[in-house]
Amino acid sequence: MPRRRTAAYLIDVVSFGMAGTVTVDQQTIVGVMPPLQLSDESAAKVLTYVAGLGFARAKEFSADEVAAERAQGPKSAGEVNALRRALRDAKVLDPKLFE
């Protein structure tokens, strides 16, 4: 379940963008990432690449997985940020989940 929740979040970031405040490596960042206009297949390839950065055994994203998450309906960039916070607070956002 944690990998599924994290994968859904990453698909949402690419598909719907994200806005607001995030903290990375103890640095607070305030900004907006617009949604990327990618096909399901292209989004899956980008996500697989990014998930594998630094992690030799990242599970591949599929176009079907991207399509299924997108079919859940659009989210605002703020809603995607709220999902990030919820996953962080639940200690689900962890790079090891991609192994």
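Refer to the preceding data block for the structure.
A short note on the overall build of the protein
Next up, step 1: Regarding its fold elements, the protein presents four helices and two strands.
Next up, step 2: For the protein, the residues scored as buried account for 28% of the 99 residues in total.
Next up, step 3: Taking as baseline every contact in the protein between residues at least 6 positions apart, the subset at least 24 positions apart corresponds to 64%.
Next up, step 4: Within the structure as shown, the protein displays about 6300 Å² of accessible surface, and the carbon and sulfur contribution to it stands at 56%.

Describing the environment of Phe61
Next up, step 1: In this structure, Phe61 sits in the loop between α2 (40-52) and α3 (63-70).
Next up, step 2: Owing to a relative accessible area of 5%, Phe61 belongs among the buried residues under this scheme.
Next up, step 3: Each C-alpha atom, one on Phe61 and one on Thr48, is 5.4 Å from the other, the two residues being 13 residues apart in sequence.

Considerations on the nonpolar core
Next up, step 1: Ala7, Ile11, Val14, Ala43, Ala44, Leu47, Ala51, Phe61 and Val66 form the largest nonpolar core, which has nine residues in total.
Next up, step 2: Broken down by secondary-structure element, the contributors of at least two residues to this core are α1 (2-16) and α2.

Some thoughts on the environment of Thr21
Next up, step 1: As for its position among the elements, Thr21 is in strand β1 (residues 18-24).
Next up, step 2: C-alpha of Thr21 to C-alpha of Gly31: the two residues are 10 residues apart in sequence and 6.7 Å apart in space.
Next up, step 3: Beyond its immediate sequence surroundings of up to four residues, Thr21 is in contact with Thr28, Ile29, Val30 and Asn81.

Description of the environment of Glu41
Next up, step 1: Relative to the helices and strands, Glu41 resides in helix α2.
Next up, step 2: Expressed as a C-alpha distance, the spacing of Glu41 and Glu65, which sit 24 residues apart in the sequence, is 9.6 Å.

Quick notes on the pairing of β1
Next up, step 1: Summarising the sheet, β1 and strand β2 (residues 27-33) pair through seven bridges and their orientation is antiparallel. If you follow Met18 over to β2, its bridge partner there is Met33.
Next up, step 2: Connecting the antiparallel pair β1 and β2 is a turn made up of two residues, with Asp25 showing a positive phi of about 50°.

Structural notes on the pattern of salt bridges
Next up, step 1: Across all of its chains, the model carries five salt bridges by this definition.
Next up, step 2: Residues Asp12 and Lys75 are paired through a salt bridge, measuring 3.1 Å at the closest nitrogen-oxygen approach. You can see Asp12 sitting in helix α1 and its partner Lys75 sitting in the loop between α3 and α4 (77-89), a full 63 residues away along the chain.
Next up, step 3: Classification of Lys75 by relative accessible area gives partly exposed; the value is 25%.
Next up, step 4: When the shortest N-O distance is used, the salt bridge between Asp89 and Arg88 registers 2.9 Å.
Next up, step 5: By relative accessible area, Asp89 is classed as exposed at 54%.
Next up, step 6: What emerges from the salt-bridge pattern is a single network uniting Asp12, Glu69 and Lys75.

Definitions and cut-offs
Residues numbered from 1 in each chain as written. Predicted model: local features only at pLDDT ≥ 70, side-chain atom pairs only at ≥ 80, totals over all residues. Heavy atoms only, no water. Helix = DSSP H or I, 4+ residues; strand = E, 2+ residues; numbered from the N terminus. Buried < 20%, exposed > 50% of the residue type's maximum accessible area, 1.4 Å probe, protein only. Contact = heavy atoms within 4.5 Å. Areas by Shrake-Rupley, 256 points an atom, 1.4 Å probe, with all protein chains shown as cover. Core = buried A, V, L, I, M, F, W, Y, C linked by side-chain atoms within 4.5 Å. Pairing = 2+ DSSP bridges. Salt bridge = Lys/Arg side-chain N within 4 Å of Asp/Glu carboxyl O.

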